[in-house]
Amino acid sequence: MTSHEFKPALLNRDGVRLGHVEVGPAAAQDPPLLLINGWTGDHGIFSPQLVHFAQKRRTVAVNLRGHGSSDAPDQEYTVAGFADDIAWQCAQLELLKPVVIGHSMGGRIALELCGRYPDLAAGLVMIDTIVMPSPILRKSRQVKALLDGVGGSDYLAVLKANAWELGCDFDDAARRKAIYETYVLPPCSKIAQHVAYSVIRNAILDYDPMPAAKACRVPMAYIAADVPLVNMARGLDRLKEICPQLVTAKTMLAGHFNTIEVADQVNAMLDRFLDVGLRRRRG
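Note that the structure is a prediction, hence the values are computed from the model and not measured. (Residues numbered from 1 in each chain as written. Predicted model: local features only at pLDDT ≥ 70, side-chain atom pairs only at ≥ 80, totals over all residues. Heavy atoms only, no water.)

A.B. asks: Can you lay out the environment of Val-158 for me, pointing to particular residues and giving the numbers?
C.D. replies: Among the secondary structure elements, Val-158 is positioned in helix H6 (residues 155–167). Along the sequence, Val-158 and Leu-146 sit 12 residues apart, while their C-alpha atoms lie 7.7 Å from each other. In contact with Val-158, not counting residues within four places along its chain, are Leu-146, Gly-149 and Val-150. (Helix = DSSP H or I, 4+ residues; strand = E, 2+ residues; numbered from the N terminus. Contact = heavy atoms within 4.5 Å.)

Listed below in structure tokens is the structure:
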């Protein structure tokens with residue numbers, strides 16, 4: 001099942017329509033799940049997880065403001081703003097004590113959500129997220145080149161090339177291309193430049209994850225992929241010092257879109273966290 005086979009519903013927040021997909025039985029097993037997409041993505045990145053968890057859990061996958069089916073007003077797009085949107089969506093949907101699962105940038109937003117609203121979630125999982133990058137990274141040539149490219153006239157080509165590179169080449173060429181064209185490219189091709197640029201600029205240059213990490217007391221897990229940039233910049237040692245409840249895992253031979261590429265591995269890790277990891281609370 002692909003992202004096109006899940007039809008998003010829309011909620012109106014102060015004139016801005018925010019999209020989400022919901023699956024799962026009416027009498028679902030607790031806790032429910034809340035899935036948060038990353039930069040330039042949508043709920044499609046969680047397609048295998050939506051199918052897997054729909055069998056027994058209420059599962060909601062949001063589309064961030066400006067992404068997927070959600071409206072893209074002319075404004076700044078910040079990690080805190082996304083967290084506020086999602087907290088509002090949870091209230092509207094009466095989604096009580098979900099385990100929050102964020103992919104890529106969605107993991108940073110998930111951390112902010114759980115720290116900003118400490119009573120909202122039952123647990124937190126980040127998937128291949130750059131959580132606490134070194135301040136040096138903000139001033140690096142790579143970051144400057146990315147910001148210049150996303151802010152330039154050929155921004156879509158920059159976004160598409162960035163997404164392709166993050167996918168890495170562990171899989172055979174045909175399957176890698178199919179994953180990219182089915183799940184990654186469609187939302188990336190639709191995103192407005194003002195959204196893409198504002199998100200990445202604010203997240204890299206202005207966002208400080210430290211307050212959220214210090215406030216986050218729920219059970220926490222991190223599932224890594226094998227992407228050189230993310231491996232270098234994720235900052236899990238710093239996060240572990242602040243959040244001793246953090247447990248970590250890594251998918252084998254998979255790039256950034258491991259939720260699709262090795263969905264069986266990711267689903268098994270999520271099942272294990274739900275069955276066992278939710279007991280690990282911060283002291």
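Continuing now.
A.B. asks: Residue-level account of the side chain of Arg-58, with values.
C.D. replies: As for its position among the elements, Arg-58 is in strand E4 (residues 57–62). A polar contact is formed between the side chain of Arg-58 and the backbone oxygen of Leu-93, at a distance of 2.8 Å. Residues contacting Arg-58, with those up to four places away along its chain left out, are Glu-22, Val-23, Gly-24, Ala-28, Pro-32, Leu-33, Leu-93, Glu-94 and Leu-95. (Polar contact = N/O pair within 3.5 Å; in protein donor to acceptor, adjacent residues only side chain to side chain.)

A.B. asks: Just give me the short version of the pattern of salt bridges, but keep the residues and values in it.
C.D. replies: Applying the stated criterion to the full structure yields 12 salt bridges. With its nearest N and O atoms 3.2 Å apart, the salt bridge here joins Arg-234 to Asp-128. Of this pair, Arg-234 sits in the loop between helix H10 (228–233) and helix H11 (236–242) while Asp-128 sits in the loop between strand E6 (123–127) and helix H4 (135–138); the two residues are 106 residues apart in sequence, bridging distant segments of the chain. Where Lys-177 meets Glu-181, a salt bridge forms, and the shortest distance between an N and an O atom there is 2.8 Å. With Lys-177 and Glu-181 both in helix H7 (residues 173–190) and four residues apart, the pair spans about one turn of that helix. Assessed through its relative accessible area of 40%, Glu-181 is described here as partly exposed. Put simply, Arg-13, Arg-65 and Asp-85 are held in one network by salt bridges that share partners. (Salt bridge = Lys/Arg side-chain N within 4 Å of Asp/Glu carboxyl O. Buried < 20%, exposed > 50% of the residue type's maximum accessible area, 1.4 Å probe, protein only.)

A.B. asks: An account of the packing of H6 against H7 is needed here, citing residue identities and associated values.
C.D. replies: Relative orientation and spacing of two packed helices are given, respectively, by the angle between their axes and the distance between those axes. Two numbers describe how H6 lies on H7: the axes approach to 10 Å, and their chain directions differ by 145°. Our pair here, H6 against H7, has a crossing hand that is right-handed. For the pair H6 and H7, contact is made by Leu-156, Leu-159, Lys-160, Ala-163, Trp-164, Glu-165 and Gly-167 and by Arg-176, Lys-177, Tyr-180, Val-184, Leu-185, Cys-188 and Ser-189, respectively. Looking at side-chain class alone, the contact of H6 with H7 contains eight nonpolar, two polar and four charged residues. (Axes fitted to C-alpha atoms, helices over the stretch in contact; angles between N-to-C directions. Left-handed = near helix turned anticlockwise from the far one by under 90°. Nonpolar A, V, L, I, M, F, W, Y, C, P; charged D, E, K, R; others polar.)

A.B. asks: An account of the packing of aromatic side chains is needed here, citing residue identities and associated values.
C.D. replies: Summed over all chains, the structure comprises two aromatic pairs. With a centroid separation of 5.0 Å and 80° between ring planes, the pair formed by Trp-164 and Tyr-180 is classed as edge-to-face. Note that Trp-164 is positioned in helix H6 and Tyr-180 in helix H7, a separation of 16 residues in sequence. Taking relative accessible area as the criterion, Trp-164 reaches 33% and is therefore assigned partly exposed. The class of Tyr-180 is buried, set by a relative accessible area of 12%. (Phe/Tyr/Trp six-rings, centres within 6.5 Å; stacked < 30°, edge-to-face > 60°.)

A.B. asks: Could you give an account of helix H5 (residues 141–150), naming the residues involved and the relevant values?
C.D. replies: An α-helical segment advances 3.6 residues per turn. Residues three or four places apart therefore align on the same side. Restricting attention to buried positions, one finds in H5 the residues Val-143, Leu-146, Leu-147, Gly-149 and Val-150. All buried residues of H5 fall inside an arc of 165° around its axis, so they share one side. Seen from the open side of H5, the exposed residues pointing more than 90 degrees away from its buried face are Arg-141 and Lys-144. Tucked inside the fold, the buried residues of H5 contact H4, H6 and helix H8 (193–206). (Arc of directions from axis to C-beta.)

A.B. asks: Could you give me a rundown of the environment of Gln-55, with the residues and numbers involved?
C.D. replies: If you trace the backbone, Gln-55 turns up in the loop between helix H1 (47–53) and E4. Separated by 30 residues in the primary sequence, Gln-55 and Pro-25 place their C-alpha atoms 7.0 Å from one another. Among the polar contacts made by the side chain of Gln-55, one reaches the main-chain carbonyl oxygen of His-52 at a distance of 3.4 Å.

A.B. asks: So what about the side chain of Glu-112? Which residues, and what values?
C.D. replies: Along the chain, the position of Glu-112 falls in helix H3 (residues 105–116). With sequence-adjacent residues up to four places away left out, Glu-112 is seen in contact with Val-79, Ala-80, Ala-83, Tyr-117, Tyr-207 and Ala-212.

A.B. asks: I'd like a rundown of the packing of H5 against H6, residues and numbers included.
C.D. replies: Orientation of H5 relative to H6, taken along the N-to-C sense of each, is 135°, at an axis distance of 7 Å. When the axes of H5 and H6 are compared, the pair comes out oblique. In this structure, H5 contributes Leu-146, Gly-149 and Val-150 to the contact, and H6 contributes Tyr-155, Val-158, Leu-159 and Asn-162. (Parallel < 35°, antiparallel > 145°, perpendicular 65-115°, else oblique.)

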